[in-house]
Amino acid sequence: MPEGDSIRRAATRLHAVLAGRELTLSDLRVPRFATADLTGRVTLDVTPRGKHLLARFEGGLTLHSHLRMDGAWHVFAAGEKWRGGPAHEIRCLLGTAGHTAVGYRLPVLELIRTAEEDRAVGHLGPDILGPDWDPGRAAANLLAVPERPLGEALLDQRNLAGIGNIYKAELCFLAQVTPWTPVGGLPEAKLPRLAAAAHRLLSANTGDRPGHRNTTGIHRPGQELFVYGRAHRPCLRCGTPVREAPQDGRPTYWCPRCQPGPTP
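Once a new chain begins, its residue numbering starts again from 1 and follows that chain's sequence as written. Local features are withheld for residues below a pLDDT of 70 in this predicted model, meaning they are given only at 70 or higher, and side-chain atom pairs are given and counted only at 80 or more; totals for whole chains, interfaces and linings count all residues. Hydrogens and water molecules were not included; the side-chain quantities draw on all heavy atoms of the structure.

A. Just the overall build of the chain, in detail. Under the DSSP-based scheme used, a helix requires at least four consecutive residues in state H or I and a strand at least two consecutive residues in state E, with every element numbered from the N terminus. Within the chain, the regular secondary structure consists of 6 helices and 10 strands. With the radius of gyration taken over C-alpha atoms, the globule rule is written as 2.2 Å times the number of residues to the power 0.38. Computed over the C-alpha atoms, the radius of gyration of the chain is 20 Å, within 12% of the 18 Å expected from 2.2 N^0.38 for a compact globule of 264 residues. Projected onto its principal axes, the C-alpha coordinates of the chain cover approximately 60 × 40 × 30 Å. Burial analysis of the chain (264 residues in total) assigns 51% to the buried set. In this analysis, two residues are considered to be in contact whenever any of their non-hydrogen atoms come within 4.5 Å of each other. Taking contacts inside the chain between residues at least 6 apart in sequence as the whole, the part at least 24 apart equals 59%. Using a 1.4 Å probe, the Shrake-Rupley method yields the accessible areas, and only the shown protein chains count as cover for residues. Taken as a whole, the chain presents about 12200 Å² of accessible surface, with 52% of it coming from carbon and sulfur. Note on charges: Lys and Arg go in the positive column, Asp and Glu in the negative column, and His and the chain ends are not counted at all. By convention, the charge on Lys lies at NZ, on Arg at CZ, on Asp at CG and on Glu at CD. One finds the centroid of the 33 positive side-chain charges in the chain at a distance of 6 Å from the centroid of its 26 negative side-chain charges. Partly exposed residues are those whose accessible area sits between 20% and 50% of the maximum for their type, while under 20% is buried and over 50% is exposed, using a 1.4 Å probe and protein chains only.

Structure (structure tokens):
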């Protein structure tokens, strides 16, 4: 599933070609909104909110989308061949005189009133990459259920918005605890530092190199991440083989030496 940094990059691309321009093409290929037509409206902005995308148009309308596991937005210049999947997987087309934004396999696509955006994203905690980011509030949200495993709490978008499975594993490594450690078992000062680390890592990965996420600062193939995807390979810090086990249905990685605490 795309994480907050990926959604920020997607919003930046969409905003660059749509904002301030009149739509010459509008096609929402979902039954509920198939008759909606945004043609002639000017796009005001495209804004990320955690893992959600909000495209706002004049007249008080917002197109809300969420990519989940397989969705993607691609931008093509006029006359450029579309690439991203077969035509039957296209869920949305938004075009201007110079570009077309194509949404593939979007599991969530709805047209709502801009004044009612809270209905779609109001449940989210502070956005790690947004103007509402508040590490203190994020830390307090994480601690609201002290017996909850840290990995599960980090993935709960109601606590803080933008973390996915990769950053969950990497942040637990940086905190030097296993993802199954109860939030309340962490030293009091560690949660604010963990929230600040989340902001630092996601911010550092919002550049224009999709697929090149780096949390270690090491720019060598296979060493860009501390533990995620490194099952049975040596820990970059101590050399102990990284372990893998499911947590809440997702693969989770940790170093048994660097990250003491409960395990499955």
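B. Seen up close, the UniProt feature "domain: Formamidopyrimidine-DNA glycosylase catalytic" (unreviewed entry) in the chain. Mapped onto this numbering, the UniProt entry annotates "domain: Formamidopyrimidine-DNA glycosylase catalytic" (unreviewed entry) at residues 2–130. Between the end C-alpha atoms of residues 2–130 there is a gap of 16 Å, over a span that is 15% helix and 36% strand. UniProt positions are given in the numbering used here, feature names are shortened, and annotations may be inferred rather than shown by experiment.

C. Inspection of the pairing of strand 4 (residues 61–66) at higher detail. Within strand 4, 6 of the 6 residues are buried, leaving the element largely enclosed by the surrounding structure. Neither face of strand 4 is left uncovered, since the one carrying Leu61, Leu63 and Ser65 and the one carrying Thr62, His64 and His66 both have all their residues buried. A pair of strands is treated as paired once DSSP finds two or more bridges between them. Of the strand pairs in this sheet, strand 3 (residues 52–57) and strand 4 are connected by 6 bridges, and their pairing is antiparallel. By the bridge assignment for strand 4, histidine 52 is matched with histidine 66.

D. Inspection of the side chain of glutamate 117 at higher detail. Looking at the secondary structure, you find glutamate 117 in the loop between strand 8 (108–113) and helix 2 (118–121). Once residues within four sequence positions are removed from consideration, glutamate 117 is found in contact with Leu54, Arg56, Thr62, Ile112 and Gly122.

E. Here's a closer look at the UniProt feature "domain: FPG-type" (unreviewed entry) in the chain. When the UniProt feature table is mapped onto this chain, "domain: FPG-type" (unreviewed entry) is found at residues 226–260. The distance separating the terminal C-alpha atoms of residues 226–260 is 16 Å; by composition the span is 0% helix and 29% strand.

F. How the structure looks around the side chain of glutamate 3. Inspection of the secondary structure puts glutamate 3 in the segment before helix 1 (4–18). Here glutamate 3 sits buried without a salt bridge, and the closest side chain of opposite charge, arginine 213, lies 5.0 Å off (N-O distance). Each polar contact in these results corresponds to two N or O atoms within 3.5 Å; when the atoms are within protein, one needs to be able to donate a hydrogen and the other to accept it, and residues that are neighboring in sequence are counted only if both atoms are side-chain atoms. A distance of 3.4 Å separates the side chain of glutamate 3 from the backbone nitrogen of tyrosine 167, its partner in a polar contact. Not counting chain neighbours up to four residues away, the residues in contact with glutamate 3 comprise Lys51, Gly162, Ile163, Gly164, Asn165, Ile166, Tyr167 and Arg213. By convention in these notes, a salt bridge is any Lys or Arg side-chain nitrogen within 4 Å of a carboxyl oxygen on Asp or Glu.

G. Representation of helix 3 (residues 135–142) in the model. If you check which residues of helix 3 are buried, you get Ala138, Ala139 and Leu142. End-on view of helix 3: buried residues confined to an arc of 100 degrees, all on one side of the axis. Those residues of helix 3 hidden inside the fold are in contact with helix 4 (150–155) and helix 6 (190–204). Throughout, the arc means that of the directions going from the helix axis to the C-beta atoms.

H. Spatial organisation of the environment of proline 256. With respect to the helices, strands and loops of the structure, proline 256 is situated in the segment after strand 10 (250–254). Remark: the alpha-carbon pair of proline 256 and threonine 178, spanning 78 residues in sequence, is separated by 8.0 Å. When near neighbours in sequence (up to four residues on either side) are disregarded, proline 256 contacts Thr240, Pro241 and Arg243.

I. Focus on the state of the cysteines. Disulfides are defined as cysteine sulfur pairs within 2.5 Å. This structure, assessed with the given rule, holds 0 disulfides. The closest cysteine sulfur to the non-disulfide-bonded cysteine 235 is located on cysteine 255, 3.7 Å from its own sulfur.

J. Here's a closer look at the sheet that holds strand 5 (residues 72–77). Pairing is antiparallel in the open sheet, where 4 strands are placed in the order 1-6-7-5. Each edge of the sheet is formed by a strand with only one pairing partner; in this case those strands are strand 1 (25–28) and strand 5. The average undirected angle you get between the axes of adjacent strands in this sheet is 20 degrees. Pairing of strand 1 with strand 6 (residues 90–95), which is carried by 4 bridges, proceeds in the antiparallel orientation. Among the inter-strand pairings, leucine 25 is bridged to a residue of strand 6, identified as glycine 95. Only the stretch in contact is used when a helix axis is fitted, and all axes are lines through C-alpha atoms; the angle between N-to-C directions ranges over 0 to 180 degrees.

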